[in-house]
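Structural overview
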Amino acid sequence: MAGGISSDSSKGAAIGALSGGLFSAAAMTGGVGAEGANSLTRYAAHAGGGCVSSAAGGGSCGQGAPSEVFGKYTNNWIGDTWKVKPGEFNAYQATATLVAGGEGSVIAGGKFANGAETAAFGYLFNQLGPRFQKPGQLCGSEMSGAGGGGGAGAAKGSGRLPGPATDKAGNQIDRIIVGSKGNAMIEPVGGSTVAAGRGGVDTHTLYPNGSNYQRLNP
């Protein structure tokens, strides 16, 4: 794959933008939380993104697709095992994801470097995507279940707020969590969303210090 990350050429920039759009869209498919992240629909979307991204850079679709699937699986497995939250950088997770992508390309008859680069795009725009989310913007993807962001009633948001927004007390809003019945909750900047109650049926948003901000108890 041509250097979509490092290249200074207009082609490299275009490939980088295309890859960003593809993998960002892939992150919104298959539902929310761990179930959505590990769904066949999500993997298929990532495979398609890897295929198109690799082909656009002069590589092979047949090599780009397995590279991204291998990288995605590794990223998910380490994230679930080590409890790495979306937006957090973990050096072991990043390295393993790129190595898995490279091995996927080699197995498919391609070059290790090409597969690693395809997996890098997926990692950048999915695992690290929330890291670059500005306060006041909705972030609907990768809301996980217990311990990670959204209980059984949480669903993805959509759209954006018009710049930094605050509640009546002046707390800056990071994102809006919407329940299956249309109930909306605010997650403040620096806070988190967790499953609570017996069996994780409730959803609580927390202040940065871990105290309750809002609760949704269906």
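See the structure printed just above.
Residues numbered from 1 in each chain as written. Predicted model: local features only at pLDDT ≥ 70, side-chain atom pairs only at ≥ 80, totals over all residues. Heavy atoms only, no water.

A word on the packing of aromatic side chains
For the structure on display, the rule yields two aromatic pairs. Measuring from centroid to centroid gives 5.8 Å for W82 and Y92, while their planes differ by 80 degrees, and the two rings are edge-to-face. On the criterion of sequence distance, the pair formed by W82 in helix α4 (residues 61-82) and Y92 in helix α5 (residues 91-107) is long-range, its members being 10 residues apart. Relative accessible area serves as the criterion here: at 46%, W82 is assigned to the partly exposed category. Given a relative accessible area of 61%, Y92 falls into the exposed group. Aromatic side chains Y207 and Y213 sit 5.0 Å apart centroid to centroid with 75 degrees between the ring planes, which places their arrangement in the edge-to-face category. On the basis of relative accessible area, Y213 is assigned to the buried category, the value being 17%. (Phe/Tyr/Trp six-rings, centres within 6.5 Å; stacked < 30°, edge-to-face > 60°. Helix = DSSP H or I, 4+ residues; strand = E, 2+ residues; numbered from the N terminus. Buried < 20%, exposed > 50% of the residue type's maximum accessible area, 1.4 Å probe, protein only.)

Description of helix α3 (residues 40-56)
Look at α3: 24 Å from first C-alpha to last across 17 residues, which is about the 24 Å you get at 1.5 Å a residue. Within α3, burial applies to R42, Y43, H46, A47, G49, G50, C51, S53 and S54. Two residues or fewer past α3, G58 is found with a positive phi of approximately 95 degrees. (Expected span 1.5 Å × (residues − 1).)

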